[in-house]
Structure formats: C-alpha cells, structure tokens
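The chain contents come next:
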Amino acid sequence: MPCYKGVCSCNRSLFGFLRWLFEIAAGACPDFTVTRSNGYIPALFHLFTAGPNMSFRTDATLMPRYLTVGVIGAVLLLLLVVLSDLMGSNYLDSRGALDLAAAVILLVSLFYGRWNKALFARYQHDINRRELELTRNAQALQVAARVFDASREGIIVSDANNRIQAVNSAYCEITGYSAEDAIGRNPSFMSSGRHDAGFYRQLWHELEQQDCWQGEVWNRRKNGELYPEWLSINVHRNAEHQIENYIATFRDISERKRAQERLSYLASYDRLTDLPNQHLFAEQVSQAIVQSGGFGELVFAVLLIDLDRFRNINDSLGREIGDRVLQGVAGRLVELMPQGGILCRQGGDEFAVLLPDEPSLLRVGALVQTLLTQIAQPVTQQGQELIVTPSIGVAVYPQDGNDYSTLLRNADAALSFAKAQGRNQYQFFMPALNRRVSKRLQTENALRQALSRNELRLVYQPQYSLSSGGLSGSEALLRWHSAVLGPIGPADFIPLAEETGLIGPIGDWVLRSACEQGAQWLAQGIAMPLAVNVSACQFRPELPAKVAHALQDSGFEAHLLVIEVTETALMQDLDQTTQLLLQLKKLGVTVALDDFGTGHSSLAYLKRFPLDKLKIDRSFVSGLPEDADDSVIIKAMLDVARHMGLSVVAEGIETLQQQDFLASLGCETGQGYLYAKPLSTRQMTARLAAAAMYEPQPELRQA
C-alpha cells in the first residue's frame, strides 16, 4: 500500500516549495498571482500564455533574484528526485522531476528574457531621449551661432589668456579686420594709444572684482582710423570658479559722438556766422572776471554792436541777402579782433566783443573807432552796393560793473544812447545813462498798454492857402497822455514805437481814427483834406489794403485823404516803392513826400515816383528870410516842384515874414504856429465851421 502519509508530506513540501518560487516570481511580475484554489499548474500555464501582456519589473536589483530562483530550483528538484528514489517514493519519479525542473528553468528563462527585452527597450528609450536632447542642443547651438553672427554689435570671445578665439561679422565690419587677422591674438593689437596704462589697470581691476566692465574706449581700425566704441566685457567662469572666457561686445558710437558734438556746438555757437553765441560769451566774460581778480585800472571792455536800420535790408532785399550781409560783417569783425579779443553774435543784427587787458580808455576808443570805420565800408550784394553803419556801446570793467549781467546791461545802455545821438557812433557808459535807460524801459512798458487804455488821441494842425489865406486842410498828429507818466511828446515815443515794432498797431489806429473823424466831418457837410503820416516801418506791401479798408469802413472819401511818407521810406526799395505808390494812387488818395530835403533821395529817383505834394521841412523855413542859404534851397525846392507838377506845403511857419517870403516864391500852402498849434477835435470842428468849409451839393458840383 502506498504510504500516503509520506506522499502527502512530500506533496506538501513540494507544493510549499513551488509556492515559494511563485511568490518570488510575483515580486518580479505584479500581475502574476497564485492561490491554493486555482492551483500552481494552471497558474504556470497562465504565466506562459498571458506573460507577453504582463508587465515585468526590469530594474537591475531583481537580476540576482531571477538567477537564485533558477539555480536553487533546479538543484533542489534534482535533490528531491534523489531523495524520492532513496525513500522508495513513487510519487515523483525521475522523469516528472526533470519535467518539473525544466518547467522551473523555463519559467526563469522567461523572466530573464522578458527582463532583457524590457532592459533593451529602456536602453532604446534612453538612446532616443539622448538623441532628441542632442538634436535640441544642436538646434540651440545653431540659433546661438546665428545670433552671434547676426548681431549688429561686435563680439570678441577670448580664452583665459585673453587670446581671441572667435569674432563675429559685425566685428569685421566695424574694425576692418577679418577673423583670420584676429583669432589667436591679444585684443590689444587694436589699441588706439589714447588711453594710458592707468586706464587699463583700472579696467582689469574691475573685471577681477566684478566679472564685468563697460565704458567708452577709443580703438584703431585696420586702416589706421581711430574711432570711439562702447565696450562691455563679461567674464565666464567654470564650476571651479576659474576663468574660461572673456566675452566682449562693442558698438561703434562715432555717429553718436558726432551728433553730441554737433549739439554741443549748436548750444555754444551761432549757426549763421560760426561765432560764439551769447551763452558762450557770458561764460567767457565771467571767466575773464574771475581770472582778473579785479586788479588794475582797466582790465577789459565789453562792446555791444548793433547794425543801424538793418531791418530795412531784410524787408526790402529779403532775409537771404540780410544773412549774407551779417556773414560779411562777422568776417570783418573777426579780422579786426586784437589778440585775445572775443567776438560773439548776440542774435539778430547785434554782436558783442570782449577786449581784454587794454591799457587805457584811449586805446579802447581807437579800437572802437576802427570797428566803426571798417563795418561801414560798402557791401555789394546782387549788384547793389549796401552801406551798413554800426552803433556801439562800451562798458568797462571794473568801474562799469563787476559781473557779466551788469556789464552787458550798461553796454546796452551806452548803445541805446549812441542810437539816440544819431547812430553810426560809439558811446561809453555813464552812470546817467542808467536813469535814461530806466526811463526808456518804463516808457516802453507804458506804450505797450497805451492802445488798450485808450491813452492815444489825435490832434489836427490846420493848413492855409498862402495866396488866399483860407483854410485848405489839416494834418492829423498823434498825442499820448500816459496815465502813469503823464503827457509824452511824439519825439520821445514815436522813435521808441518804431524800434519796438509798436508803430504797426499804433499806425493802424491812427489811420482808422483819422478816416473816421474825416467821415464825421463829411457827414456834417465839412469837406476837408486830411493828411496822415505813415512811418517807414508801415510802408510795406500791405499798406494799400489797410488804407482801402479804413476808407471803406469809415465812409471817408479817398480824394480827401493825404498819405504822407518820408524819403527814408521811399528809398528802401525803389521798385516796391513805385508799386505801392501806384496802388495808393489807384485808390484815389493823394500822396505827399514829407520832410523833403532831410533825406538822401536824389531828383533822379524822385521823378520816378507818382507823387502829388512836397512838404518842406521846418528846418529850412526857420531861417527865412534872413538866411541866404535857406532861401536858395527853398527856391530850388519850389522850382523842382513846379517842374514836376507838384504842389508844395511849407511846415513850421511862425512869422508873417516867413509867410510872405514863401508866398512870394510861389509856395501854395503853409502850416505852423503862426496859424494855430495842433487843435483838439472839438477845436478843429469849430474852426472848420467858422471857415465855412462845407461840401457843395452834388448839383452845385456839376454846375
């Protein structure tokens, strides 16, 4: 009888052993499970059939476990076979044991093969990942290389010994050196020589301390040209903090430097004349004051030079010609400057001069007189010979001021005095001029508000026929009574208005007001010719339009309006003057030449102008009849007027002798204090009414 107990015992031992093996297998394959209920043989069968779809752990730590399972399993199975034979057991024969051992070995081989396959798959995955990383790195390197070469800034990469390893295209464009010229060399071969050893010591010190440096450096191109660049250097270190590379980037800043220099030049120099401007001149004068220390009787003088009536050149010939004249005057002044002298253009037609270390006022006066003479030399432009005269004001340091502002202010006061004295001269500053300048400034400020405050008014001086004694017309004259300064005479504020440009709006007001008053008289039946003075500053192309508007707006008749212009106005531009006079005549107004004989016109010019009247200036009338020279001049003027078909008005008649003498020579009209001082509107209206100067009715005119 078979010994079932032993068999069962062996059976339990064998299956326990198999259970142990399968538990080891389960550690490698989590999907493989075995229970007593389903048995080991079905589980093994399931392992062979489902194994390809199971997941196996392939980490290297399980390799010894797989080998242990295979080797120990095979050996123990063989031992069981031997023991079974010795004990006479027929439960497990040799063939069955060998089959079981083969199955175990096959199981281990399966696990080993699967592990190898998974391991190779992992290796392949790692290889693919690394190839992808290499591809990405290669692409990144290509992008970096393109950026390196496409950068508009020059780039130099050098090693730890500062030997150039690589340069980009911008480096070659900026410096003119090729990559072959630069690689392997120290960047110092491009040094300009403009920086000393201390500069480079400081540069390398900052690199060692901060691993970076940036600043402006001058280097030399391959063609030898020096150029400025903005240089940035960075140090690259490895993991051991050792220097591997110096990376330098730079850009050529030549254009920026030129732009900065140009801006600096424009900030300190005048573009038209290339002379220092007023800002640089102020610095130079202030520096001279500091250097002088205030010692000595005469350290230096400051001159202000203004070109007389230069605006007339701009207005008549154009600004282009005016600029050329200014350049010519500047050139003359440069040639006349003494050693150490400084010349600047203050602006417009004004120049300033610093004369340093002059020994005496006489020496300064001699130099200034030379400037007056040379500037007044004729200048030829567009075939015309122009004469520009200067007025010069002089302030002396230290007696006329201890700082630039005071010296300039006092020189300007002296300049204004020179203009007031007749121009084309120089004047030294005197303390009394400060009071004069202060008064002038106060007058100017008040004049700017005169129109808005209604402080201006017109008065009228009658004109009488010297043959009949009857009232024949009047001249509108401007008067100003300031609320602050009181009454101010025309001789004081008219020139000021012309200098400041206020004559424009004031003259327009005079023209409109006179036409309005003439229209009021006309509405009352009083028809009287009314003369209005026009400044040279008003004698411009827009004058005829302004006259037409004044006549139209007021209703005053054109044939009763007399426009008086001076010789100075007529001589500004002969062609333009002729056109303006013709336009005025076309409007129907009368044109008179005022202050005849005081200007510089010639008879050859006068005959070109369509004039109606000549007004003889009071300076020729005052000496009559005793002054023989005045008598001769008056006779000549009257002869010229008769020859040209012009009527004549004599101004400034104050005595009967003057009236009778002028009448005997054929002068038609006179005005002056002999007849009346300038009258108010009310007074003039009363005189007109008394003179019965009524406009005839239309039917009487026709008769």
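Scoring rules and cut-offs
- Residues numbered from 1 in each chain as written.
- Predicted model: local features only at pLDDT ≥ 70, side-chain atom pairs only at ≥ 80, totals over all residues.
- Heavy atoms only, no water.
- Axes fitted to C-alpha atoms, helices over the stretch in contact; angles between N-to-C directions.
- Helix = DSSP H or I, 4+ residues; strand = E, 2+ residues; numbered from the N terminus.
- Left-handed = near helix turned anticlockwise from the far one by under 90°.
- Contact = heavy atoms within 4.5 Å.
- Nonpolar A, V, L, I, M, F, W, Y, C, P; charged D, E, K, R; others polar.
- Expected span 1.5 Å × (residues − 1).
- Pairing = 2+ DSSP bridges.
- 1 Å grid on protein atoms, 1.4 Å probe; cavity = no way out; pocket = protein on both sides within 12 Å on 5 of 7 lines; lining within 4 Å.
- Points joined across faces, edges and corners; volume = space filled by probe spheres on them.
- pLDDT = per-residue confidence, 0-100.
- Phe/Tyr/Trp six-rings, centres within 6.5 Å; stacked < 30°, edge-to-face > 60°.
- Buried < 20%, exposed > 50% of the residue type's maximum accessible area, 1.4 Å probe, protein only.
- Lys NZ or Arg CZ within 6 Å of the ring centre and 35° of its normal.
- Parallel < 35°, antiparallel > 145°, perpendicular 65-115°, else oblique.
- Arc of directions from axis to C-beta.
- Salt bridge = Lys/Arg side-chain N within 4 Å of Asp/Glu carboxyl O.

Draft legend 1. Representation of the packing of helix H11 (residues 319–336) against helix H12 (residues 361–375). Across the interface, H11 lies against H12 with an axial gap of 10 Å and an inter-helix angle of 145°. In this structure, H11 meets H12 at a crossing whose hand is right-handed. On the side of H11, the interface is formed by Val329, Arg332, Leu333 and Leu336, while H12 contributes Thr370, Leu371, Gln374 and Ile375. When the residues that make up the contact of H11 with H12 are grouped by side-chain class, the tally is five nonpolar, two polar and one charged.

Draft legend 2. Seen up close, helix H7 (residues 197–210). Relative to the 20 Å expected for 14 residues at 1.5 Å per residue, H7 spans 20 Å between its end C-alpha atoms, a close match to the ideal helical length. Phi for Asp211, located one or two positions after H7, is positive at around 65°.

Draft legend 3. Examining the sheet that holds strand E12 (residues 426–428) more closely. An order of E7-E8-E6-E11-E12 is seen for the five strands of this open sheet, with the pairing classed as mixed. Edge positions in the open sheet fall to strand E7 (342–347) and E12, since each of these has one partner strand only. Strand-to-strand twist of the sheet, defined as the mean angle between neighbouring strand axes without regard to direction, takes the value 20°. Relative to strand E11 (residues 390–397), strand E6 (residues 300–307) runs antiparallel, the two sharing eight bridges.

Draft legend 4. How the structure looks around the sheet that holds strand E2 (residues 164–167). Reading across the sheet, the five strands line up as E2-E1-E5-E4-E3 and stay open at both edges, with antiparallel pairing between neighbours. Looking at strand neighbours, the two that pair on one side only are E2 and strand E3 (212–220), the edges of this open sheet. Between one strand axis and the next, the sheet turns by 25° as a mean value, whatever way the strands run. Note that strand E1 (residues 154–159) and E2 share three bridges and pair antiparallel. When the bridges of E2 are listed, Ile156 appears paired with Val167. Its contacts with the sheet place H7 against E3, strand E4 (226–237) and strand E5 (243–252), and it is angled at close to 150° to E3. Each of E3, E4 and E5 touches helix H8 (residues 254–268); the most contacted strand, E4, lies at about 130° to it.

Draft legend 5. View of the layout of surface pockets. By volume, the second largest pocket is sized at about 400 Å³. Elements with a contribution of two residues or more to the lining of the second largest pocket: E1, H7, E3, E4 and E5. Counted by class, the lining of the second largest pocket contains 15 nonpolar, seven polar and one charged residues.

Draft legend 6. Main features of the confidence of the model for the protein. With 78% of its residues at a pLDDT of at least 70, the protein reaches an overall mean of 80. A low-confidence stretch, residues 28–41 (pLDDT under 50), is modelled with 28 contacts involving residues beyond four sequence positions or located in other chains. In the predicted structure, residues 47–58 sits below a pLDDT of 50 and forms 31 contacts with residues beyond four places in sequence or in another chain.

Draft legend 7. Broad picture of the pairing of E5. Relative to E5, E1 runs antiparallel, the two being bridged by six bridges. When the bridges of E5 are listed, Ser158 appears paired with Tyr246. Looking at chain direction, E4 and E5 are connected through nine bridges and run antiparallel. The partner of Val235 across the bridge, within E5, is Tyr246. A loop of five residues connects E4 with E5, the two strands running antiparallel in sequence, and His241 in this loop sits at a positive phi of about 65°.

Draft legend 8. Expanded view of the packing of aromatic side chains. With the rule as written, the count across this model stands at 11 aromatic pairs. With a centroid separation of 5.5 Å and an interplanar angle of 90°, the aromatic rings of Trp204 and Tyr246 are classed as edge-to-face. Placement of the pair is Trp204 in helix H7 and Tyr246 in strand E5, with a sequence separation of 42 residues. Classification of Trp204 as partly exposed rests on a relative accessible area of 32%. Joined through ring pairs, the aromatic side chains of Phe199, Tyr200 and Trp213 make up one cluster. The ring of Phe189 carries the charged tip of Arg185 above its face, separated from the ring centre by 3.9 Å.

Draft legend 9. Expanded view of the packing of helix H17 (residues 543–554) against helix H19 (residues 574–587). At a minimum axis distance of 9 Å, the contact between H17 and H19 shows a crossing angle of 15°. In this view, H17 runs roughly parallel relative to H19, as classed from their interaxial angle. Viewed along their axes, H17 and H19 form a crossing whose handedness is right-handed. Where H17 abuts H19, its residues Leu543, Pro544, Val547 and Ala548 lie against Leu580, Gln583, Leu584 and Leu587. Classifying every residue of the contact of H17 with H19 by side-chain character gives seven nonpolar, one polar and no charged.

Draft legend 10. Spotlight on H17. Between its first and last C-alpha, H17 extends 17 Å over 12 residues, near the 16 Å set by a 1.5 Å rise per residue. Taken residue by residue, H17 has Leu543, Pro544, Val547, Ala550, Leu551 and Ser554 as its buried positions. Taken down its axis, H17 places every buried residue within 125° of arc, on the same side. Exposed and facing more than 90 degrees away from the buried side of H17 are Gln552 and Asp553. Buried residues along H17 sit against helix H16 (503–523), strand E17 (561–566) and H19. Positive backbone phi, approximately 85°, marks Gly555, located one or two places after H17.

Draft legend 11. Representation of the pattern of salt bridges in the model. Scanning the entire structure with this criterion turns up 21 salt bridges. When the shortest N-O distance is used, the salt bridge between Asp612 and Lys585 registers 2.4 Å. With Asp612 in the loop between helix H20 (603–606) and strand E19 (613–616) and Lys585 in helix H19, this residue pair connects regions lying 27 residues apart in the sequence. On the accessibility criterion, Lys585 (32% relative accessible area) is partly exposed. Here Lys615 makes a salt bridge to Glu651, at a shortest N to O gap of 3.2 Å.

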